[in-house]
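Residue strings, one per chain:
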Amino acid sequence: MTARLDSDLLRTFLAVAESGNFTRAAEGVGRTQSAISMQIKRLEEVVGGVLFERGARGVTLTERGTELVGNARRIVALLDETASSMRAAPLGGPVRIGIPEEYGQPVLSRALGAFTKRHSQVEITVRFGYSVSQLAALAAGELDLAVVFEWQQPSGAEVLMNDPTVWVASLHHHLHLERPLPIAMYTRHGWSREYALRSLEQRGIDYRFAYTSDTTNGLTLAVTAGLALAPMARSNIPVDCRELTDAEGFGQIDTTRVVMHRNPRANSEAVDAMADAIRDAFHQRR
């Protein structure tokens, strides 16, 4: 009969692996050192190999132990997530979210995936748009949560991550050497005029508008196609593109923060849970 892994043994194994010491592991899980040693011995019998090398300063993982540690972490995390979701009462009701287009796929998809596993009955509405329009919608009571860019004075909203705007170019083209510099810019005024263009003017870089778009995807297309350079959030630089550095005469455009505002009238548990999911997704992104 094939021996089965016991989750309790895996938890003990991880405690030892992360502490590097049987005594500290025993203290962490509330057991005696001899009990910990017996559990590790049982686990080694199950997996058919020695998991730790003993030394004067503690223990280190063997090759067999290194193979096990990643899977052990995934198994324990899945068990904890399952237990948590089974204990949590399912939530219902609507949640309305506003978020920049840039964070739709890399962040919001992760947040929604984690959220809907636990709260499949919640009706979710997502609005992609500019920060100014999202804040206006929040003030009008049309949104419960608004994730926006904040590049001026701090508003007191929760900071999810710092994500400076930088000039981005294709790896396969050398447009940054051209003068006037071909740039792609948003069609709207405001931030782009006040910060992006000013960063070029302060460095004495002559430029021309080669491409305009109302969306970030449009700017991405212009850069990857080799049509122009564009200002983008550092965390969203496309594949086969790169940030233009200070050494090349460019540098950061601003020191943007990504923050989350909450409608003070949105006080449901569903909104609480969604805010947690968004926060966790951004923390994983960092």
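Quick caveat, the model's predicted, so the values are computed rather than measured. (Residues numbered from 1 in each chain as written. Predicted model: local features only at pLDDT ≥ 70, side-chain atom pairs only at ≥ 80, totals over all residues. Heavy atoms only, no water.)

K.L.:
Would you mind showing me how to read the UniProt feature "domain: HTH lysR-type" (unreviewed entry) in the protein chain here?
P.N.:
Mapped onto this numbering, the UniProt entry gives "domain: HTH lysR-type" (unreviewed entry) at residues 5-62. The span residues 5-62 is 62% helix and 14% strand, and its two end C-alpha atoms sit 19 Å from each other. (UniProt positions renumbered as here; feature names shortened; annotations may be inferred. Helix = DSSP H or I, 4+ residues; strand = E, 2+ residues; numbered from the N terminus.)

K.L.:
Explain the nonpolar core here, please?
P.N.:
Core analysis: the biggest nonpolar cluster contains 28 residues, and Y103, V147, V258, I278 and F282 have the highest contact counts within it. With residues near it in sequence (within four places) discarded, V258 still touches Y103, V147, V148, F149, E158, V159, L160, M161, D163 and F282. In this structure, L9, V59, V69 and V76 belong to the second largest nonpolar core, which totals 20 residues. (Core = buried A, V, L, I, M, F, W, Y, C linked by side-chain atoms within 4.5 Å. Buried < 20%, exposed > 50% of the residue type's maximum accessible area, 1.4 Å probe, protein only. Contact = heavy atoms within 4.5 Å.)

K.L.:
Please explain the packing of helix α1 (residues 7-19) against helix α3 (residues 33-47) as it appears in this structure.
P.N.:
Axis angle and axis distance: for two packed helices, these are the angle between their axes and the distance between the axes, and together they describe the pair. Between α1 and α3, the shortest axis-to-axis distance is 9 Å and the interhelical angle comes to 115 degrees. The pairing of α1 with α3 is recorded here as roughly perpendicular in orientation. Considering the relative orientation of α1 and α3, their crossing is left-handed. On α3, the residues that touch D8, L9, L10, T12, F13 and V16 of α1 are I36, Q39, I40, R42 and L43. Here the contact of α1 with α3 is composed, by residue class, of seven nonpolar, two polar and two charged. (Axes fitted to C-alpha atoms, helices over the stretch in contact; angles between N-to-C directions. Parallel < 35°, antiparallel > 145°, perpendicular 65-115°, else oblique. Left-handed = near helix turned anticlockwise from the far one by under 90°. Nonpolar A, V, L, I, M, F, W, Y, C, P; charged D, E, K, R; others polar.)

K.L.:
How do you make sense of the packing of α1 against helix α2 (residues 22-29) when you look at a structure like this?
P.N.:
One can describe the packing of α1 onto α2 by two numbers: an axis separation of 8 Å at closest approach and a directional angle of 130 degrees. Between α1 and α2, the crossing angle belongs to the class labelled oblique. Crossing hand, α1 versus α2: right-handed. Together, A15, V16 and S19 of α1 and F22, R24, A25 and V29 of α2 make up the contact between the two elements. Looking at the contact of α1 with α2 residue by residue, the class counts come to five nonpolar, one polar and one charged.

K.L.:
Even after reading the chapter, I still don't get the packing of aromatic side chains, so can you show me in this structure?
P.N.:
Two numbers describe a pair of aromatic rings. These are the distance of the centres and the angle of the planes. Across all of its chains, the model carries six aromatic pairs by this definition. Considering the side-chain rings of F13 and F52, the 5.5 Å spacing of their centres and the 50 degrees angle between planes classify their relative orientation as tilted. In this pair, F13 sits in helix α1 while F52 sits in strand β1 (residues 52-55), placing the two residues 39 residues apart along the sequence. Consider the rings of W151 and Y195, whose centres lie 6.3 Å apart with planes at 75 degrees: the pair is edge-to-face. With W151 in the loop between β5 (145-150) and β6 (158-162) and Y195 in helix α7 (residues 191-202), this residue pair connects regions lying 44 residues apart in the sequence. (Phe/Tyr/Trp six-rings, centres within 6.5 Å; stacked < 30°, edge-to-face > 60°.)

K.L.:
Please explain the sheet that holds strand β7 (residues 165-170) as it appears in this structure.
P.N.:
Hydrogen bonds along the backbone pair up the strands of a sheet, which may run parallel or antiparallel. Read from one edge to the other, the open sheet built from three strands follows the order β10-β7-β11, with strand pairing classed as antiparallel. Each end of this open sheet is capped by a strand with a single partner; those strands are β10 (230-233) and β11 (241-243). In this sheet, neighbouring strand axes are inclined to one another by 50 degrees on average, regardless of whether the strands run parallel or antiparallel. Bridge count between β7 and β11: three bridges; the pairing is antiparallel. (Pairing = 2+ DSSP bridges.)

K.L.:
Help me understand helix α5 (residues 104-118), please; the structure alone is not making it clear to me.
P.N.:
Since one α-helical turn is 3.6 residues long, residues separated by three or four positions face the same way. The terminal C-alpha atoms of α5 lie 20 Å apart, and with 15 residues this matches the ideal 21 Å at 1.5 Å per residue to within 8%. By the burial criterion, the buried members of α5 are G104, V107, L108, A111 and F115. Angular distribution of buried residues about the axis of α5 spans 115 degrees; they occupy a single face of the element. Away from the buried face of α5 by more than 90 degrees, exposed residues Q105 and K117 are located. (Expected span 1.5 Å × (residues − 1). Arc of directions from axis to C-beta.)

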